[in-house]
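# Commentary on secondary and tertiary structure
Residues per chain are reported as follows:
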Amino acid sequence: MVLEAETVGWGASSRNGGMVLTGLKIGAPELCAKVGRELTAEMYRASMESIDCVERIVREEKMECSFARCGHLEVASKPKHYRRFEEWAETITREFGREVRLVPRKNLQTEIGSQMFFGGLVDEGSAGLNPAQYVAGLAGAAKRAGATLCERARVERVERSTESGAAGFRVTTARGSVFAQDVFVATSGYTGAATPALRRRVVPIGSYIIATEPLGERLGAELVPRGRMIFDSKHFLHYFRLTPDGRMLFGGRAAFFPETAATIRESAEILRRDMIAVYPKLAGTRVEYAWGGTLDFTFDMLPHAGEMDGLRFAMGYAGHGVAMATYLGTKMAAVIAGEKSELAFAEVPFPTAPLGLYNGRPWFLPLASLWYRFLDLVQ
Ligand SMILES: Cc1cc2nc3c(=O)[nH]c(=O)nc-3n(C[C@H](O)[C@H](O)[C@H](O)COP(=O)(O)OP(=O)(O)OC[C@H]3O[C@@H](n4cnc5c(N)ncnc54)[C@H](O)[C@@H]3O)c2cc1C
């Protein structure tokens with residue numbers, strides 16, 4: 001039974017940029033220093049498998065969601081970021097035997113119709129899809145597999161309980177209560193008071209997107225010649241792509257706070273200005289849509305999955321959840337079904353803020369926002 005507070009796919013899953021990305025939020029060398037070579041290699045393997053996992057589900061369930069293995073392009077916002085790409089590419093090839101391709105500035109026009117960047121890194125393993133169609137496809141697949149989908153059923157309490165001799169949980173929702181032997185929490189950036197221990201470990205951060213009118217084939221091919229998923233190398237990063245119907249989709253963390261009508265309005269202005277800085281040719285192009293959603297960051301920038309207070313969970317995707325949430329969802333389902341599964345993301349402790357300074361209300365976001373803007377200036 002799927003219990004959803006709003007409607008299926010209402011959260012980040014229907015609102016994201018549809019980038020099905022290899023890799024994690026943290027670069028390989030930094031991750032090696034943090035968790036060691038072995039776990040880093042396992043996490044990278046999982047990130048590759050996660051793309052295959054999405055592709056397989058899309059194929060098996062015959063989902064129409066424009067899935068395409070188009071690869072991604074990360075562009076260097078500063079010359080020193082390109083030097084960091086060289087280090088990453090070297091680590092990824094040496095440690096994981098994978099090829100990613102460096103694109104020096106002089107060749108960058110083959111990948112992006114913008115003069116703004118100092119080189120790029122291409123990973124052919126990544127893909128793109130239409131997220132709203134994908135999450136609707138997942139809901140359809142779950143129904144066909146026998147799941148009951150309950151909308152407008154916000155979980156208010158989860159308490160240990162026993163029924164007919166079986167240990168489990170009584171789950172109380174806005175629409176009634178149900179007994180479950182196993183509970184899997186997948187609330188990501190919308191994690192709330194019903195699961196306080198998880199809420200203390202996830203920081204909700206806003207991300208915003210605009211989409212232009214359709215550009216036409218010629219202009220689209222000039223701006224994104226290879227149809228890749230593109231993002232830049234800053235902390236306050238921008239991500240952009242062509243949609244399957246030929247619009248420029250341009251997103252970013254224009255405001256740090258989770259979405260409201262006001263932050264969406266403000267962000268749309270900022271994103272339009274930033275889009276024109278990347279692509280001056282879009283100065284006269286109409287923006288037809290703007291929206292926002294909430295991402296789930298963790299204090300160590302890694303996804304986590306496992307068991308806490310008897311509840312299974314997976315979350316903390318930091319903008320890489322399209323593939324990783326699908327993958328960890330299938331892994332945790334296998335664990336619940338009794339399969340043995342070794343998950344690298346279950347082996348690292350899931351940290352909360354030091355000294356109990358965070359109870360789920362991210363009071364520090366204005367400071368964090370200033371800090372990352374400062375880092376973008378100096379790093
Ligand atoms: C604007 C934006 C752009 C993004 N772009 C990308 C991208 O291009 N590529 C990428 O990989 N990732 C991207 N992400 C991140 C990605 O969308 C998420 O990591 C992923 O969708 C998480 O999926 P999920 O199912 O775990 O959580 P969500 O899709 O957020 O779903 C959580 C659900 O839990 C429900 N819920 C919360 N509390 C309760 C409760 N008490 N009871 C019942 N239900 C509850 C919510 O209503 C919500 O529908 C983006 C996110 C945003 C916001």
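The numbering scheme is per chain: residues are counted from 1 as the chain's sequence reads. In view of the model being predicted, local features appear only for residues whose pLDDT reaches at least 70, and side-chain atom pairs are presented and counted only at 80 or more, with totals across whole chains, interfaces and linings using the full set of residues. To obtain the side-chain values, all non-hydrogen atoms of the structure were included, while hydrogens and water were left out.

### Points about the state of the cysteines
Our working rule: We call a pair of cysteine sulfur atoms a disulfide when they lie within 2.5 Å. Exposure categories follow from relative accessible area, calculated using a 1.4 Å probe and restricted to protein chains: below 20% of the type maximum is buried, above 50% is exposed, and the middle band is partly exposed.
Inspection of every chain in the model, using the stated rule, returns 0 disulfides. Between Cys 70, a cysteine without a disulfide, and Cys 65, which holds the nearest cysteine sulfur, the sulfur-to-sulfur distance is 12 Å. On the accessibility criterion, Cys 70 (14% relative accessible area) is buried.

### Points about helix 8 (residues 321-336)
Convention followed: Put simply, DSSP H or I for four residues or longer makes a helix, DSSP E for two residues or longer makes a strand, and each gets a number counted from the N terminus. Here a helix's expected span is defined as the number of its residues, less one, multiplied by 1.5 Å.
Along its 16 residues, helix 8 runs 21 Å from first to last C-alpha, staying within 8% of the 22 Å computed at 1.5 Å per residue. Of the positions making up helix 8, those classed as buried are Val 322, Ala 323, Met 324, Thr 326, Tyr 327, Leu 328, Gly 329, Met 332 and Ala 334. Remark: Gly 338 follows helix 8 within two positions and exhibits a positive phi of approximately 100 degrees.

### Focus on the pattern of salt bridges
Opposite charge on two side chains permits them to pair, given that their charged atoms come into close proximity. Note the cut-off: When a carboxyl oxygen of Asp or Glu is within 4 Å of a side-chain nitrogen of Lys or Arg, the pair counts as a salt bridge.
One pass over the full model with this rule turns up 25 salt bridges. The salt bridge involving Glu 124 is made with Arg 101; its shortest N-O contact spans 3.8 Å. Of the two residues, Glu 124 is situated in the loop between strand 5 (119-123) and strand 6 (127-128) and Arg 101 in strand 4 (residues 101-104); the sequence distance between them amounts to 23 residues. Judged by its relative accessible area of 45%, Glu 124 is partly exposed. Each of Arg 101, Glu 111, Glu 124, Arg 226 and Arg 228 takes part in one network of salt bridges that share partners.

### What to know about the sheet that holds strand 5
Going by this rule: By definition, two strands form a pair when at least two bridges between them are found by DSSP. Angles here are taken between N-to-C directions and fall from 0 to 180 degrees, while the axes themselves are lines fitted to C-alpha atoms, restricted in helices to the stretch in contact. The criterion used for residue contact is that any of the two residues' heavy atoms lie within 4.5 Å.
Taken together, the 8 strands give an open sheet; going across it, the order is 4-5-3-13-14-15-12-16, and neighbouring strands pair in mixed fashion. Only two strands of the sheet have a single neighbouring strand rather than two, namely strand 4 and strand 16 (287-298). Within the sheet, the average angular offset between the axes of one strand and its neighbour, ignoring direction, is 20 degrees. As defined by bridge partners, strand 3 (residues 72-75) adjoins strand 5 across 4 bridges and the pair is classed as antiparallel. Each residue of the ladder has a partner; that of Val 75, found in strand 5, is Gly 120. Lying on the sheet, helix 3 (residues 79-96) is in contact with strand 3, strand 4 and strand 5; it crosses strand 5 at an angle near 30 degrees. Contacts from helix 7 (residues 261-278) reach strand 12 (202-214), strand 14 (238-242), strand 15 (247-252) and strand 16 within the one sheet, and its direction differs from that of strand 12 by about 60 degrees.

### Quick notes on unusual backbone geometry
Here the phi dihedral of Lys 62 falls at roughly 50 degrees; this positive angle occurs in a residue that is not glycine. Take Lys 62: it is sitting in the loop between helix 2 (37-60) and strand 3. At Arg 152, a residue that is not glycine, the phi angle is positive and equals roughly 50 degrees.

### Some remarks on the site of the ligand
Applied cut-off: Here a residue counts as near a molecule or strand whenever at least one of its heavy atoms sits within 4 Å of it. By the criterion applied in these results, polar contacts are pairs of N or O atoms within 3.5 Å in which, for protein atoms, one can donate a hydrogen and the other can accept it, and in which residues neighboring in sequence qualify only through two side-chain atoms. Using a 1.4 Å probe, the Shrake-Rupley method yields the accessible areas, and only the shown protein chains count as cover for residues. All residues other than Ala, Val, Leu, Ile, Met, Phe, Trp, Tyr, Cys, Pro, Asp, Glu, Lys and Arg, Gly among them, are scored as polar; the first ten of these are nonpolar and the last four charged.
The full set close to the ligand counts 32 residues, and Glu 4, Ser 13, Met 19, Val 155 and Ser 188 are the nearest of them. Taking Glu 4, its side chain carries an N or O atom lying 2.6 Å from an oxygen atom of the ligand. Between the ligand and Gly 319 there is a distance of 3.0 Å, counted from a nitrogen atom to a backbone nitrogen or oxygen. Within the complex, 93% of the 1,000 Å² of free accessible area of the ligand lies under protein. Taken together, the elements giving at least two residues each to the shell around the ligand come down to strand 12, strand 16 and helix 8. Looking at which element gives the most residues to the shell around the ligand, the answer is strand 16, with 4 residues. Across the shell around the ligand, the residue classes tally to 14 nonpolar, 13 polar and 5 charged.

Worth remembering: the numbers are spatial, not functional.
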